[in-house]
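# Observations on the model geometry
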Amino acid sequence: MASQPLHERGIRSGERAELIRRTGPEHGIALGRSGAATVYSTPSMINLMEHAAKKLLAGYLRENEESVGTSVEVEHLAPTPLGVDVRAVADVISVADRTIDFEVTAFDPEQQIGKGRHRRAVVDVNRFAERLPKPESPSPVGAVAPWSDLDPDRGALPRFANLDVRLEGAVATAIINRPAALNALDPATVDDLEALVRWLAGHADEIYTVILTGTGRSFCAGSDIRAVASMSVGEASDFSLRQGRLGNRLSEIPQPVIAAINGYAYGGGCVLAAHCDLRIASLQATFSMPEIKLGWPGGWGMDPLLRHIGPGRMMDLCLTGRVIDAREAETWGLVNKSVPAGRLTTEARQMADQLLALPPLALRENKWLVHRLAGPAARHSYHTENEAYIRCLETADARERIDAFLEKRKARGR
């Protein structure tokens, strides 16, 4: 039997629905190469308007029905900062058999920021699904996280400049290999790590667990200051944002990632370890967030670090730049386990083997669930961190401290 037309269900012109959301990092767009201004994006505003209209229709839908957007014409009238409430209003202007037209407007606390027209259609979900191609059966461990836009690489293992990757059965061990630079992250090394993550995402049915470690006496000493010193502000911003996206990518691949922290985990290296799913540290390992001594804040996605150790200890690390040892890091919750240096490789492999003995689908789903529970704002925090980083990097104080670091002298000034 045909479903009752919309115009017979009591919907009338002039009906209104409103929807309020708080703007966060996930709703923003950074303007300019330096990312100096981040504002509420047009797609986010349109999404809010559409959901206001969807909210109004929800009370008139039957079982197995859903409303879908079919057209939208919107003007974005004014910029809106993040961290404020925005309000969308959807007013019904005409109702037909299966479609309804709305006038949509949006406001921030100061002004109207958008206006336009939006049409939604009501569809039978079951009939709609019949027209779609049937999805292929997923592999035992799946591909990337449902919210990811990562493009998996299903080809051969790439050649790397600064990464040594060893495949042993279903375990991949990735070793950052820049010992002379204490395994600091320069653009080439970030290239390697990005390529590795794409390859792992494309080989989820072969590689079930990943171990990440470093060569020599360092896990990763953070961003390569010499490389940063040679960059323009725009290039430094782009490099910082790439590192932030890399941190997110580690949570989007299906394989659990174990950080085997063999030595220095400073700055971005400490954050890199925090983005891994499990962490084992050698008793020789040390941890620090020393960016304050260089004249800028820590960055590229510190939210996992905050979740592991809490705001009080985070303040301790970031405001003092002090170094903590593996035992203290374990007490804080930054690492899951600390072991003698000679046991680190064995312990990491034993942990990987324990994971291999478990159902791969359950491992994947548990990993994604934990990361999803952190919320979308956590995944976009590196944009806000980047803005603070660039504001500081542009100061004379930061440039003097970079020069002093490279020249191995005490910084002049305060």
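Residues numbered from 1 in each chain as written. Predicted model: local features only at pLDDT ≥ 70, side-chain atom pairs only at ≥ 80, totals over all residues. Heavy atoms only, no water.

This next bit is on the nonpolar core. If you look at soluble globular proteins, the nonpolar side chains tend to sit buried side by side. Core analysis: the biggest nonpolar cluster contains 65 residues, and Leu212, Phe219, Ile261 and Phe287 have the highest contact counts within it. Excluding residues within four positions of it along the chain, Ile261 makes contact with Phe219, Ala273, Arg279, Ile280, Ala281, Ser282, Ala285, Phe287, Val335 and Leu344. The next biggest cluster of nonpolar side chains, apart from the first, holds 25 residues, and it includes Leu19, Ala52, Ala53 and Ile100. (Core = buried A, V, L, I, M, F, W, Y, C linked by side-chain atoms within 4.5 Å. Buried < 20%, exposed > 50% of the residue type's maximum accessible area, 1.4 Å probe, protein only. Contact = heavy atoms within 4.5 Å.)

Bringing the sheet that holds strand 13 (residues 264–266) into the picture now. Strand order in the open sheet made by the four strands is 11-13-15-16, with mixed pairing throughout. Only two strands of the sheet have a single neighbouring strand rather than two, namely strand 11 (218–220) and strand 16 (323–325). Pairs of neighbouring strands in the sheet enclose a mean axial angle of 25 degrees, with direction left out of account. Sheet analysis places strand 13 next to strand 15 (residues 286–288), joined by three bridges and oriented parallel. Within strand 15, the residue paired with Ala265 across the bridge is Phe287. (Pairing = 2+ DSSP bridges. Helix = DSSP H or I, 4+ residues; strand = E, 2+ residues; numbered from the N terminus. Axes fitted to C-alpha atoms, helices over the stretch in contact; angles between N-to-C directions.)

It is at 10 Å that the axes of helix 5 (residues 233–252) and helix 12 (residues 381–393) come closest, and there the two elements cross at 155 degrees. Here helix 12 runs roughly antiparallel to helix 5, going by the angle between their axes. Note on packing geometry: the crossing formed by helix 5 with helix 12 is right-handed. The segment helix 5 lies against helix 12, with Val233, Ala236, Ser237, Ser240, Leu241, Gly244, Arg245 and Asn248 engaging Tyr382, His383, Asn386, Tyr389, Ile390 and Leu393. Of the residues assigned to the contact of helix 5 with helix 12, the class counts are seven nonpolar, six polar and one charged. (Parallel < 35°, antiparallel > 145°, perpendicular 65-115°, else oblique. Left-handed = near helix turned anticlockwise from the far one by under 90°. Nonpolar A, V, L, I, M, F, W, Y, C, P; charged D, E, K, R; others polar.)

It is worth spelling out the packing of helix 6 (residues 268–275) against helix 7 (residues 303–320) at this point. Running from amino to carboxyl end, helix 6 crosses helix 7 at an angle of 75 degrees, the nearest separation of the two axes being 8 Å. Of the possible angle classes, the one that applies to helix 6 and helix 7 is roughly perpendicular. Across the interface between the two elements, Cys270, Ala274 and His275 of helix 6 pack against Pro304, Leu305 and His308 of helix 7. Class assignment for the residues of the contact of helix 6 with helix 7 results in four nonpolar, two polar and no charged.

As summarised here, the arrangement of the six strands in space is 8-9-10-12-14-17, forming an open sheet in which the pairing is mixed. In the strand order of this sheet, the two ends are held by strand 8 (163–168) and strand 17 (337–339), each with one partner. Pairwise comparison of adjacent strand axes, ignoring direction, gives a mean angle of 20 degrees for this sheet. Across six bridges, strand 8 lies against strand 9 (residues 171–176) in antiparallel orientation. The residue of strand 9 that forms the bridge with Glu168 is Val171.

Along the chain, the position of Val339 falls in strand 17. Linking Val339 and Phe405, residues 66 residues apart in sequence, is a C-alpha distance of 32 Å.

Take Ile253: it is sitting in the loop between helix 5 and strand 12 (257–261). Spatially, the C-alpha atoms of Ile253 and Ala204 are 8.2 Å apart, while their sequence positions differ by 49 residues. Ile253 has contacts with Leu150, Val197, Leu200, Ala201, Lys367 and Trp368, leaving out every residue within four places of it along the chain.

We now examine the pairing of strand 14 (residues 278–282). Summarising burial for strand 14: four of the five residues are buried, a large majority. In this structure, strand 12 lies alongside strand 14, joined through four bridges in parallel fashion. Counterpart to Ile258 in the pairing with strand 14 is Leu278.

Bringing the pattern of salt bridges into the picture now. Where charged atoms of side chains with opposite charge meet at close range, the side chains can pair. Tallying each qualifying case throughout the model produces 26 salt bridges. The salt bridge involving Arg9 is made with Glu65; its shortest N-O contact spans 2.9 Å. Residue Arg9 is located in the segment before strand 1 (16–22), and its partner Glu65 is located in strand 4 (residues 65–76); the two are separated by 56 residues in the primary sequence. Judged by its relative accessible area of 11%, Glu65 falls in the buried class. Here Arg322 makes a salt bridge to Glu328, at a shortest N to O gap of 3.1 Å. By sharing partners, the salt bridges in this structure join Glu400, Glu407, Arg409 and Arg412 into a single network. (Salt bridge = Lys/Arg side-chain N within 4 Å of Asp/Glu carboxyl O.)

To continue, consider unusual backbone geometry. Look at Asn183: it is not a glycine, yet its phi comes out positive at around 60 degrees. Inspection of the secondary structure puts Asn183 in the loop between strand 9 and helix 3 (187–201). For Asn183, a relative accessible area of 0% corresponds to the buried category. Even without being a glycine, Lys408 presents a positive backbone phi close to 55 degrees. Turning to its location among the elements, Lys408 is positioned in the segment after helix 13 (396–407).

Counting across every chain of the model gives one aromatic pair. Relative to Tyr266, the ring of Tyr264 lies with its centre 5.3 Å away and its plane at 50 degrees, an arrangement referred to as tilted. Taking relative accessible area as the criterion, Tyr264 reaches 27% and is therefore assigned partly exposed. (Phe/Tyr/Trp six-rings, centres within 6.5 Å; stacked < 30°, edge-to-face > 60°.)

Mapping Leu77 onto the fold places it in the loop between strand 4 and strand 5 (85–95). With a relative accessible area of 40%, Leu77 lands in the partly exposed category. Measuring from C-alpha to C-alpha, the distance between Leu77 and Leu163 comes to 48 Å, with 86 residues separating the pair along the chain. Those residues in contact with Leu77 that lie beyond four places of it in its chain are Gln112, Ile113, Gly114 and Lys115.

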